Structure formats: C-alpha cells, structure tokens
Amino acid sequence: MKVVILEDETLAGKKVESLLAEIDDSIEILTTIKSVEVAKEWFAENEAPDLVISDIRLLDGLSFELFESINYDNPVIFTTAYDQYAIKAFEVNSVDYLLKPIQLEKLKNALSKVKNDSTQVVSYEEILSLMQSQKKEFKSRFMIRAGQKILAVPVEKIAYFYSLNKLTYIVTEDGKKYPCDQTLEVVDQQVDPKVFFRANRKYIVKFESISEIHPYFKGRIKINLTPESEDEIVISSERTPEFKKWLDQ
C-alpha cells in the first residue's frame, strides 16, 4: 500500500510514520506534505497513492481545498483535533476520522477498512452520533499541587505553559508558577486552540500573554510574554504562517 501523509507539524507527521511502520512494515510512505499548495503540485506530478492520511488544518488552509481541486477517488483517513470538521470530512471519500492524539488501535482499524475495500458510507445521523460521542470539551481549570494543598487554577488566569527537564509548568497572569502533571502534548489537546497556541516544543502561550512580536532570522518570529518567560521564544518558519493565521482569527 502506498500512502501520502498530509501533516503540517513535523512531530505529528513522524508519529504517523512510526505508527504505520509498527502496524505494517510493507506500507510505503511516498511523501509527507505540510501545505495545500505543495500537495496540489505533488498530485499534479505523481500517480495517486492508495491512501491519504490527512490532517484537516495544514499550513496554508484546509486539506478539503486540495481534494476539491484534484481528481482523487481513493480513501482518505482524516486526523484532527477539531470536531467541527467531521461532517465535511466524511463527504470527501473519507474511510475514517481520527481525533488527535492518534491511537495505534484506531489507526490499525482504519487501515483494515482500507485493505478490505470497505469504504464507509455514513449517514448524517451516524456522523452526528460520532461527533457527540467524541465531543471535544476543553478544560476550564487545572488541578495542581502547591505544597500540601491542591489548588484549582482557572484556565482564564493562565498566561502560558512551558516544559523544563521533562516537567510541565503553569505560569499564571500574576506571575505564579505551578507544576502540572500533564505533558505539553496532552495540555495542547486540553486547551482551546483559539485561545492558546503551541509556539514551539517548550511553550504553549495564550493570546493575551503575548506582549511583543518581532520578525526574526530566516522567516521566524520572536515573541515576548507577560509575565516574562525564562527563555527566548522563537516560532519556526514552518509554524509562522499558522501563527499569523491564529493571530488574525
């Protein structure tokens, strides 16, 4: 089976690759693409793969834009953290819809449907039921330990999250710092993406906590936070288009 992966986050793309290798080492990954425009060019110049595994949000737009502009009739497995795209996903040859973080067994089941040529025909009622069963609810507070006490920190009082030496910390708007039990990867799935942005591997920042934005070397962006962060926070050139889009929503 020949597979193309559409994923704008490098680590997420590598995760899909490793899961596919674990499930079936005969799967051939033709390429991993991060943007709609590059994907359009690739599909114009190459033979269509047997399967596309596609995040819904890419660097320069939604992957639906690609499928609506090319002649592609094979299955698609969509991956995303955003439930509101579920109905649209099933309208575009979708064989399955997986919420991030992707689980091995769910991906394995989706691949099984592809191999058995049993492309799903899903009714509106079934899609609605799926969305309700997987409804994304973002956390309103984080429970943390402060000495011998357990405190509830409301999300609206959090300025940013950061990791240090494999530990995660919450920094509140008044400058207090608390350890958090979850990893940044888990936190990223628990907070509203309209409010918080994964700036890099170490930081998840809230819009209101960004005090300054500066152009940086090689198409990157540097941001300053309030309260002041312990590190220089630089957003990679790959993430910069998504960051600008997030700022302008």
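Scroll up a little and you will see the structure.
So, a few notes on the structure that sits alongside this text. As a convention, each chain's residues are numbered from 1 in the sequence order in which they are written. For this predicted model, a pLDDT threshold of at least 70 governs which residues receive local features, and a threshold of 80 or more governs which side-chain atom pairs are given and counted, while totals over whole chains, interfaces and linings are taken from all residues. With hydrogens and water set aside, each side-chain value is computed from the structure's full complement of heavy atoms.

In DSSP terms, a helix is any run of H or I states spanning at least four residues, a strand is any run of E spanning at least two, and both are numbered starting from the N terminus. Inspection of the secondary structure assignment puts Lys206 in strand β14 (residues 203-206). For Lys206, a relative accessible area of 5% gives the class buried. Nitrogen and oxygen atoms within 3.5 Å of one another constitute a polar contact, given that in protein one can donate a hydrogen and the other can accept it, and given that sequence-neighbouring residues count only through two side-chain atoms. A polar contact of 2.8 Å, which involves the side chain of Lys206, links it to the side chain of Glu173. Throughout, exposure labels follow a simple rule: accessible area from a 1.4 Å probe, protein chains only, divided by the maximum for the residue type, with under 20% read as buried, over 50% as exposed, and the rest as partly exposed.

Further remarks concern the pattern of salt bridges. Opposite charge on two side chains makes pairing possible when the charged atoms of those side chains draw close. Counted as salt bridges are all cases of a side-chain nitrogen of Lys or Arg within 4 Å of a carboxyl oxygen of Asp or Glu. On inspection of all chains with the given rule, the structure shows nine salt bridges. The partner of Arg239 in a salt bridge is Glu9, with the nearest N and O atoms 3.7 Å apart. Residue Arg239 is located in the loop between β17 (233-235) and α8 (240-247), and its partner Glu9 is located in the loop between β1 (2-6) and α1 (10-23); the two are separated by 230 residues in the primary sequence. Lys40 is the salt-bridge partner of Glu37, the closest N and O atoms lying 3.6 Å from each other.

Looking now at helix α5 (residues 104-115). For the α-helix, the turn length of 3.6 residues means that residues three or four positions removed from each other point alike. The end-to-end C-alpha distance of α5 is 16 Å, a good match for the 16 Å that 12 residues give at a rise of 1.5 Å each. Within α5, burial applies to Leu107, Ala110, Leu111 and Val114. In a view along the axis of α5, the buried residues occupy a sector of 100°, so they form one face of it. By this rule the span expected of a helix is its residue count minus one, scaled by 1.5 Å. In this context, the arc is that of the directions from the helix axis out to the C-beta atoms.

Turning our eyes to something else, we now look at the packing of α1 against α5. Angles run from 0 to 180 degrees between N-to-C directions of axes, and those axes are lines fitted to C-alpha atoms, restricted for helices to the stretch in contact. Where α1 contacts α5, the two axes come as close as 10 Å, and the packing angle between them is 65°. Comparing the axis directions of α1 and α5 gives the class roughly perpendicular. Considering the relative orientation of α1 and α5, their crossing is right-handed. Here Leu19, Leu20, Glu22 and Ile23 of α1 lie close against α5, whose contacting residues are Leu104, Leu107, Lys108 and Leu111. Three residue categories are used. Nonpolar comprises Ala, Val, Leu, Ile, Met, Phe, Trp, Tyr, Cys and Pro, charged comprises Asp, Glu, Lys and Arg, and polar comprises the others, including Gly. Considering only residue class, the contact of α1 with α5 consists of six nonpolar, no polar and two charged. Here roughly perpendicular refers to angles of 65 to 115 degrees, roughly parallel to angles under 35, roughly antiparallel to angles over 145, and oblique to all remaining angles. By the definition used in this description, the sense in which the near helix is turned from the far one sets the handedness, with an anticlockwise turn below a right angle giving left-handed and a clockwise turn giving right-handed. When checking whether two residues touch, look at their non-hydrogen atoms; a contact exists if any pair is within 4.5 Å.

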